[in-house]
Amino acid sequence: MTFRQLATSNIKGNWHRYSAYFLSSVFAVMIFFMYAAFIYHPDVVNGQVPGGHRVREVMMMCEYLIIIFSFFFTLYSSSAFLKSRQQEFGLLTLFGMTKLQLRRLVFYENMIISILAIAVGMGIGAFMTKLFLMALSHILAVDTPITFYIVPKAILLTSAGYLILFTCITVYSLRKVGRSQIVELIRAHKEPKSPPKFSWVLVILAVFSLALGYSLAYVTTIQLFGLTALPILGFTVLGTYFFYTQFSVAIIRILQRNKRVYYRRTNLLNISQAAFKLKDNARVLFNVSILCAVVLTATASFYAFDQTMKRQQLNDMPQSYVITWTKDRQQPIKPDMIKAWGDSTKNEIEQDAAFRYVEVYYMQAELSENYGAMVSVSDYNRIIAMEGGQPLSLMNDEMVLVLREPLNVDEPSDSKLYLGYPGPVTIMIRDTSTKVSGHIRDTSAKVSGHIREKTTRNVINSGIGVYNVLVVSDDLFAPFFDKAPADRARYGHAFNWSDWEYSLALDKKIREHVSFNEEEDDSIRISSRVYNWSSTNQVSSLGMFIGLFISLLFFIASGSVIYFKLFTELQDDQAYFKGLTRIGLSIAEIRRVVTFQVGLIFFAPCMVGSVHTLFALKTLSNLVNSNMMGYALTVVSMFVVMQALFFFAARKTYMRKILEEVVV
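Here is what the cut-offs are and how they apply
Residues numbered from 1 in each chain as written. Predicted model: local features only at pLDDT ≥ 70, side-chain atom pairs only at ≥ 80, totals over all residues. Heavy atoms only, no water. Phe/Tyr/Trp six-rings, centres within 6.5 Å; stacked < 30°, edge-to-face > 60°. Lys NZ or Arg CZ within 6 Å of the ring centre and 35° of its normal. Patch = residues over 30% accessible without salt bridge, like charges linked within 9 Å, V, L, I, M, F, W, Y side chains within 5 Å. Areas by Shrake-Rupley, 256 points an atom, 1.4 Å probe, with all protein chains shown as cover. Salt bridge = Lys/Arg side-chain N within 4 Å of Asp/Glu carboxyl O. Helix = DSSP H or I, 4+ residues; strand = E, 2+ residues; numbered from the N terminus. Buried < 20%, exposed > 50% of the residue type's maximum accessible area, 1.4 Å probe, protein only. Core = buried A, V, L, I, M, F, W, Y, C linked by side-chain atoms within 4.5 Å. Contact = heavy atoms within 4.5 Å. Pairing = 2+ DSSP bridges.

**Quick look at the packing of aromatic side chains**
Working definition: an aromatic ring pair is given by the centre-to-centre distance plus the angle between the planes.
Here comes step 1: This structure, assessed with the given rule, holds 19 aromatic pairs.
Here comes step 2: A cation over a ring is seen here: R356 above F481, with NZ or CZ 4.7 Å from the ring centre.
Here comes step 3: Looking at K618, its charged tip hangs above the ring of Y218, at a distance of 4.8 Å from the centre.

See below:
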């Protein structure tokens, strides 16, 4: 048997160890290849894809991130493989294999796995590139989809880059092979473990660090962030490390002293083994917890940003489309035409309302002027009816001040600007003599009236220049509108239509028909929710789409690291459970103990990382003055479900290996 055949046979025999490493490497190569296929795509390089240059820069940064991740991931995996096979290396050395031959064997094994991972990764990547480019075409809203094209440079870069990476790490890892003596290698798994110890001082330090880090994260505001950012990070990382190395051991010691709990059923086995599992795997669990926290926080932040932007768009623009024009010009487009176009683009017009308004200044005694729009109560009721609002009813001398809602709904409005109501109010158009207040007697004179109430609501889209709205009676509004200058009195029409997120084609048709220069001609104003949404959604969706692959990569890596560590101790666990069966432990009890031990290793970093994420998103909520905890809980819940699926798959494989040795 040649070395290549022996290496191939070893891979087949130890596939349960190599599988997670192989699949993680395949996934990393696949993502790297898809990103490279877009970066070097001729249409992107030549600037034929709108927004492609920006996406290209983001993906190039991600490529560096993937390579850095692959380096550390492969380095750790290689070390874990070598450590788990010390007894095997001792036997091969005992049978006469030299150090050079042993290193040669390991080199062949690693290179076979690496070449297979590169080939399979690029093969799946080539298949997925078509879907990847279609998705990017949809997100970037290009007129012509990006053509499917396998770029030779992407193939060369991926294959050469990862081959060099895997080779260098393999050669670096080989320096540890063959250094130990034969007796040390063979007895590597038989050395007794000393009971894990802890220090109460470090336990208290762990609790204090986590409590202080979480407290700072909870109360941090944008004013304090510069001072608290580094302490939050430092105390959380320090507390997490001592949580695994000290605090967990202390909790287990307390449980062991509770005889009622400790000697109940299989608790003795679970608790005693948990002490060794947590202590031996403390460094791995610490690294995975921090990795999970970083990935979850980044993913939750992207998701929160995406959802918050949409919520703000809906809050800031209650109508899908609003067009206004000055009263001295003709209506630029008929509503029936928009309805017909909506039917052709499958955006059915659900509500529409015509209205008029006058841009005015209003003031009360001892207060500065405030800018707003005067609207008749009839027009106001028609507009808010589109959103299901309650209608108003006003007497001739009554007015209602409707203030625009703040950008963040949790942000309190500045009520100091509007102190003094109810009471006399003056409405005027600057640089004219047209003034009215209360009853209409003489439009050139100032008379008294009063504001009946103040409320908060976004009445009209912000894009047409209407912010605060002063609602007055129809009798008061009509003569004021007629006498107002043409550049201050405007007609308008608001529309709501179905599937507004996908109505960019309808928006383009309306703009092409109206055909005006927004910067030079102010006689027509258009405010389109879909037009604003398309640009912000492109950025957020693109970030979510690209970040999703990176997050999945780190998620698979964290699960794989735990998987490696689990199978590193497989031989010890097989001997342990085989001994337990000899003293009467049943197969059902073995299954329960294995499930507990595997679950502890998988879910401990998952739970710790999730708690870190929730406090990180609380800080982000404070910084942006918007509650993002709901988005954080959504992402954390999805992560826990995915981790559970990973756990069940690993438990099934691990259980089968344990029972193969136990059941004879």
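**Describing a nonpolar patch on the surface**
Here comes step 1: There is a patch of nonpolar side chains on the surface, built from W200, I251, I254 and L255 and spanning about 350 Å² of accessible area.
Here comes step 2: Note on placement: I251 falls in helix α10 (residues 225-257).
Here comes step 3: Take I251: its relative accessible area is 35%, and that puts it in the partly exposed class.

**Some thoughts on the nonpolar core**
Here comes step 1: Residues Y35, F38, M59, F132 and Y162 are the most contacted members of the largest nonpolar core, which totals 99 residues.
Here comes step 2: Ignoring any residue separated from it by four or fewer positions in sequence, one finds F132 in contact with M34, Y35, F38, M59, F545 and F549.
Here comes step 3: Core analysis: the next-biggest nonpolar cluster, separate from the first, contains 22 residues, F355, Y380, I384 and L392 among them.

**Things to note about the pairing of strand β1 (residues 321-326)**
Here comes step 1: When you tally the buried positions in β1, you get 6 out of 6 residues, the bulk of the element.
Here comes step 2: What you see with β1 is no split at all: Y321, I323 and W325 on one side and V322, T324 and T326 on the other are buried throughout.
Here comes step 3: Sheet analysis places β1 next to strand β9 (residues 489-497), joined by 6 bridges and oriented antiparallel. Of the residues in β9, the one forming a bridge with W325 is Y491.
Here comes step 4: Here 5 bridges tie β1 to strand β10 (residues 524-528), and the two strands are oriented antiparallel to one another. Residue pairing in the sheet places I323 in a bridge with I526 of β10.

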